[in-house]
Amino acid sequence: MDFLQFNILNVIFKGMVIGIVASAPMGPVGILCVQRTINKGRWYGMATGVGASVSDIIYALITGLGMSLVLNFFRNESTKFYFQIIGGIILLLFGIYCFRSKPMESAQHLSHVRSKGTLLHNGVTAFLITFANPLIVFLFIALFAQFAFIMPGHPILMIIGYLSIIFGANLWWYGLTWMVDKIRNKFDEQGVRIINRFIGSIVIICSIITLIGTIFNLSFMNFLMDK
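Given the structure is predicted, the values throughout are model-derived calculations rather than measurements. (Residues numbered from 1 in each chain as written. Predicted model: local features only at pLDDT ≥ 70, side-chain atom pairs only at ≥ 80, totals over all residues. Heavy atoms only, no water.)

Participant: What exactly am I supposed to notice about the overall build of the chain here?
Facilitator: Helix and strand counts for the chain stand at ten helices and zero strands. The order of α-helices and β-strands along the chain, N terminus first, is α-α-α-α-α-α-α-α-α-α. A burial count over the chain gives 46% of its 227 residues as buried. When contacts within the chain are restricted to residue pairs at least 6 apart in sequence, those whose partners lie at least 24 apart make up 88%. (Helix = DSSP H or I, 4+ residues; strand = E, 2+ residues; numbered from the N terminus. Buried < 20%, exposed > 50% of the residue type's maximum accessible area, 1.4 Å probe, protein only. Contact = heavy atoms within 4.5 Å.)

As structure tokens, this is what we get:
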């Protein structure tokens, strides 16, 4: 495979995974998306997801810019190693939190529906709710570090990567609203808990695998892309 083609596919894959992982945990906005899909219709839920993804990409850009500046000063394998270890630990803790979280309790104050509103209104409100939680930056730091996503000096690849994050995030929201719309009468708090436990388990397993790979100098992503 051509080296440039490999890099582009690698970045697209990483970006999509980052976008999905950042969006998938069912926090307050995820619950709001589900509730709006059930109460208002699928496209109102999708508009909620799109609004959340706009906030996420802004924080992703801020995180990427900050990390690019840091990586320009620390370009050695030792720093990269410790950075990835810290990122893996944060991801592991995030997976545990996601597995044990009870999102319905934290989202109860968002559940009151008075009117449908416009699609734009639903998107903007979701954007504001998501943007009010800057802690997402720590998740992006962990994901960017673990996937070695930041590549200073390669602006085209980074643009492709950020577009892939947006695509991955909205792919998740599209799939979630489709699923909820199909089983709207059966989707309840237990369904939300199952999704969070499933996502949390995947994040925990992947973070352990990548931590082991980092410690033993194995590149899990390159192994996947070489297949």
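Participant: Sorry if this is basic, but what is going on with the environment of isoleucine 156 here?
Facilitator: Within the secondary structure layout, isoleucine 156 lies in helix H8 (residues 155–182). Put simply, isoleucine 156 and isoleucine 8 are 148 residues apart on the chain and 9.4 Å apart in space, counted from C-alpha to C-alpha.

Participant: Please explain the environment of valine 11 as it appears in this structure.
Facilitator: The residue valine 11 is located in helix H1 (residues 3–23) in this model. C-alpha of valine 11 to C-alpha of isoleucine 159: the two residues are 148 residues apart in sequence and 9.7 Å apart in space. In this view, valine 11 contacts Phe149, Met151, Leu157, Ile160, Gly161 and Ser164; residues no more than four positions away in its chain are not counted.

Participant: Can you help me understand the UniProt feature "transmembrane region" (unreviewed entry) in the chain in this one?
Facilitator: UniProt tags residues 12–34, 46–69, 81–99, 119–150, 156–177 and 198–220 as "transmembrane region" (unreviewed entry). Taken end to end, residues 81–99 is 100% helix and 0% strand, and its first and last C-alpha atoms sit 27 Å apart. (UniProt positions renumbered as here; feature names shortened; annotations may be inferred.)

Participant: Which parts of the structure should I look at to understand the packing of helix H2 (residues 28–39) against helix H6 (residues 119–131)?
Facilitator: When two helices pack together, their arrangement is given by the angle between the helix axes and by the axis-to-axis distance. Orientation of H2 relative to H6, taken along the N-to-C sense of each, is 160°, at an axis distance of 10 Å. As summarised for this structure, H2 and H6 are arranged roughly antiparallel, according to the angle between their axes. In this structure, H2 crosses over H6, and the sense of that crossing is right-handed. Between H2 and H6, the residues in contact are Val29, Leu32 and Arg36 and Asn122, Thr125, Ala126, Ile129 and Thr130, respectively. Among the residues making up the contact of H2 with H6, the classes are represented as four nonpolar, three polar and one charged. (Axes fitted to C-alpha atoms, helices over the stretch in contact; angles between N-to-C directions. Parallel < 35°, antiparallel > 145°, perpendicular 65-115°, else oblique. Left-handed = near helix turned anticlockwise from the far one by under 90°. Nonpolar A, V, L, I, M, F, W, Y, C, P; charged D, E, K, R; others polar.)

Participant: Can you help me understand the side chain of threonine 37 in this one?
Facilitator: Locating threonine 37 in the fold gives a position in helix H2. Looking at threonine 37, its side chain comes within polar contact range of the main-chain oxygen of cysteine 33, at 2.7 Å. (Polar contact = N/O pair within 3.5 Å; in protein donor to acceptor, adjacent residues only side chain to side chain.)

Participant: Sorry, what's going on with the nonpolar core here?
Facilitator: Nonpolar side chains tend toward joint burial in soluble globular proteins. Ranked by internal contacts, the top residues of the largest apolar core, which has 41 residues, are Ile18, Phe140, Phe144, Phe149, Tyr162, Ile165 and Leu176. Secondary-structure elements contributing two or more residues to this core are H1, H2, helix H3 (42–73), helix H4 (77–100), helix H7 (136–146), H8 and helix H9 (189–215). (Core = buried A, V, L, I, M, F, W, Y, C linked by side-chain atoms within 4.5 Å.)

Participant: Quick question: what am I supposed to make of a nonpolar patch on the surface here?
Facilitator: On the surface, Ile156, Ile159, Leu163 and Ile166 cluster together to form a nonpolar patch covering roughly 380 Å² of accessible area. Tracing the backbone through its elements, the reader meets isoleucine 159 in helix H8. (Patch = residues over 30% accessible without salt bridge, like charges linked within 9 Å, V, L, I, M, F, W, Y side chains within 5 Å. Areas by Shrake-Rupley, 256 points an atom, 1.4 Å probe, with all protein chains shown as cover. Salt bridge = Lys/Arg side-chain N within 4 Å of Asp/Glu carboxyl O.)

Participant: Just checking my understanding: could you explain the packing of aromatic side chains for this structure?
Facilitator: Pairs of aromatic rings are described using the distance from one ring centre to the other and the angle between the two planes. Overall, the coordinates contain seven aromatic pairs when judged by the stated rule. Relative to tyrosine 174, the ring of tryptophan 43 lies with its centre 6.5 Å away and its plane at 50°, an arrangement referred to as tilted. Taken together, the positions of tryptophan 43 in helix H3 and tyrosine 174 in helix H8 put the pair 131 residues apart, joining distant regions of the chain. Ring centres 4.8 Å apart and planes at 25° place the aromatic pair phenylalanine 144 and phenylalanine 149 in the stacked group. The residues phenylalanine 144 and phenylalanine 149 share a single accessibility class, namely buried. Through a chain of ring-to-ring contacts, three or more aromatic side chains come together here, namely Phe140, Phe144, Phe149 and Tyr162. We note arginine 42 situated over the ring of tryptophan 43; from NZ or CZ to the ring centre the distance is 5.0 Å. Lying across the ring of tyrosine 174, arginine 42 places its NZ or CZ 4.3 Å from the centre. (Phe/Tyr/Trp six-rings, centres within 6.5 Å; stacked < 30°, edge-to-face > 60°. Lys NZ or Arg CZ within 6 Å of the ring centre and 35° of its normal.)

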